[in-house]
Amino acid sequence: MHTDTAIIGGGVIGLTTAFELSGQGASVVLVRGKHRPASLAAAGMLAPSFESTPEGIEADLFRLGMKGLARWPSFATELEDVSGLCIDLRTSGILGAFAGKTNEALQVQRSRLAGAGVTADILSAEELREIEPCLADGSLAECGVGGLLVHGEGQVDPSCLLNALEAALERRGIVRLEPDEIVRIEINADRAAAMNSRGESVISADQIILATGARNVPDIFVRNDLSSAAAAVRAWQVPVKGEALAVELPEGGPRRVIRTGDVYLCPKVDGRLVIGATEARGLDDDTPDGEAIDRLRQKANKIAPVLRHAPEISRWAGVRPGGADHAPIIGVHSEIGKRLIFALGHYRNGILLAPATAKLLSEIVSGREPDPHSAVFAPDRVSSSGIASAAMGDEGAR
């Protein structure tokens, strides 16, 4: 089978990109992987402000997150119209309670956000409780003047989102393949091909978008030679295991997303409250660690005592596709050429960034000039030496 564009990866980035391209009339085939998409283990927060830093590539990541957030309302409307399904998009704001933050530090953060067009209110402990009465007096006392209400941010339900994307692609007639794992991509002058473990060509295309997760990035051969540039990109990706749980949302429970330094609480339209999340860099298994999840529950109970008797519904683990510098790899590598487009390493912001990434990828596929600020995420920034230096600076960063 041959197509104009093949997308390798059935997570939120791959699905959203297929939706974007198909909406423009492009010929697209989506090739899923065998692993459970990381986005199904996510809480679905749309919160670029919590990634805000004043400099470096994370400042660029914040700007990309703001573009993603800005695209979400129109993207959600189109997706729900095409799929006929609700994705539970909420943009009623996110409440952050930060232990140890001074009023001066919060003023700096608010000013930085204001410069990017984000409105945020600084709240006292008493004002936090007025907005969310479920918050415990004791935990708020530790915060002092330590609250921000960030307007315009919010959440979406990841499971509803992926179901809607699948339904929308089916309605548009997009072919979706579920072969053996793709283990090799061959790049030639006139085409690119994705191969399975038996050496069979699953799909060939004018261009392949590589949007796999953290655990299944294939080997890449350029004119039969193993690509050292692609190997560096592959090594740049780091699996980051995360765990969460869901309980029944009790009466008087959180009404909006609440984030602290240790835990977040995300109420869902179906009556669940998602509590997350752990983070273990370098682990690539999705078996839940019971003790780690129990500690999450204890932290949530301390913040909102109303949760202490809420029945648990489920617990799970997933593997985020992290990168050595926490930022995604999006674009074409100059040593590999335009037949392979990377879309990797979206870490814990895949859902937030999906609409912005899909738009950027559609510009690259169509040959349009992409946003010049996106060059910072291009795969050319990755080198073997850069991997070591970024990893050394990463300890304790998150």
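Conventions and cut-offs
- Residues numbered from 1 in each chain as written.
- Predicted model: local features only at pLDDT ≥ 70, side-chain atom pairs only at ≥ 80, totals over all residues.
- Heavy atoms only, no water.
- Helix = DSSP H or I, 4+ residues; strand = E, 2+ residues; numbered from the N terminus.
- Rg over C-alpha atoms; globule rule 2.2 N^0.38 Å.
- Buried < 20%, exposed > 50% of the residue type's maximum accessible area, 1.4 Å probe, protein only.
- Contact = heavy atoms within 4.5 Å.
- Expected span 1.5 Å × (residues − 1).
- Polar contact = N/O pair within 3.5 Å; in protein donor to acceptor, adjacent residues only side chain to side chain.
- Disulfide = S-S within 2.5 Å.
- Pairing = 2+ DSSP bridges.
- Phe/Tyr/Trp six-rings, centres within 6.5 Å; stacked < 30°, edge-to-face > 60°.
- Lys NZ or Arg CZ within 6 Å of the ring centre and 35° of its normal.
- Axes fitted to C-alpha atoms, helices over the stretch in contact; angles between N-to-C directions.
- Parallel < 35°, antiparallel > 145°, perpendicular 65-115°, else oblique.
- Nonpolar A, V, L, I, M, F, W, Y, C, P; charged D, E, K, R; others polar.

Let us look at the overall build of the protein. When helices and strands are counted, the protein shows 10 helices and 21 strands. Relative to the globule expectation of 21 Å for 398 residues, the C-alpha radius of gyration of the protein, 21 Å, shows essentially globular dimensions. Expressed along its principal axes, the backbone C-alpha trace of the protein runs to roughly 65 × 40 × 40 Å. Expressed as a percentage of its 398 residues, the buried residues of the protein come to 57%.

Of note, I293 is situated in helix α8 (residues 290–303). Once you skip the residues sitting within four places of it in the chain, I293 turns out to touch E243, A244, L245, P288, R315 and W316.

Spanning 14 residues, α8 covers 20 Å between terminal C-alpha atoms, matching the ideal 20 Å at 1.5 Å per step. Listed as buried for α8 are A292, I293, L296, R297, A300, N301 and I303. Two to three positions downstream of the cap, the backbone nitrogen of E291 sits 3.0 Å from a side-chain oxygen, assigning the N-cap of α8 to D289.

Turning our attention to the state of the cysteines. The final tally for this structure, using the stated rule, is zero disulfides. We note that C86 lacks a disulfide partner, and the nearest cysteine sulfur, in C160, lies 6.3 Å from it.

Across the two faces of strand β4 (residues 94–97) the burial is the same, with I94 and G96 and L95 and A97 all buried. By the bridge criterion, four bridges tie β4 to strand β6 (residues 147–150) in an arrangement that is antiparallel. Bridging from a neighbouring strand, L95 pairs with L149 of β6.

In this section: the packing of aromatic side chains. Tallied over the entire structure, the rule returns two aromatic pairs. Between the aromatic rings of F19 and F75, the centroid separation amounts to 6.0 Å while the plane-to-plane angle is 75 degrees, which identifies the pairing as edge-to-face. With F19 in helix α1 (residues 12–23) and F75 in helix α2 (residues 57–83), this pair connects stretches of sequence that are 56 residues apart. Of the two residues examined, F19 and F75, each falls in the buried class. For the ring pair W72 and F75, a centre distance of 5.0 Å and an interplane angle of 80 degrees mean the geometry is edge-to-face. On the criterion of helical spacing, the pair formed by W72 and F75 is a turn pair, its members being three residues apart in helix α2. Overall, the relative accessible area of 6% leaves F75 in the buried class. Pairwise contacts between aromatic rings join F19, W72 and F75 into one cluster. Here the guanidinium or amino end of R172 rests over the ring plane of F19, the centre of that ring lying 4.2 Å away. The aromatic ring of F221 is capped on one face by R184, whose charged end is 3.6 Å from the ring centroid.

Here we come to the packing of α1 against α2. Running from N to C, α1 and α2 cross one another at 75 degrees; their axes reach a closest spacing of 12 Å. One finds that α1 runs roughly perpendicular with respect to α2. Contacts between α1 and α2 involve T16, F19 and E20 from the first element and R71, F75, E78, L79 and V82 from the second. In the contact of α1 with α2, the residues fall into four nonpolar, one polar and three charged.

Strand β14 (residues 237–248) sits mainly inside the fold: 11 of its 12 residues count as buried. Sheet topology note: the β14/strand β18 (residues 280–281) ladder contains two bridges and is antiparallel. The residue of β18 that forms the bridge with K241 is A280. Alignment of β14 against strand β17 (residues 272–276), held across five bridges, turns out to be antiparallel. Counterpart to L245 in the pairing with β17 is I275.

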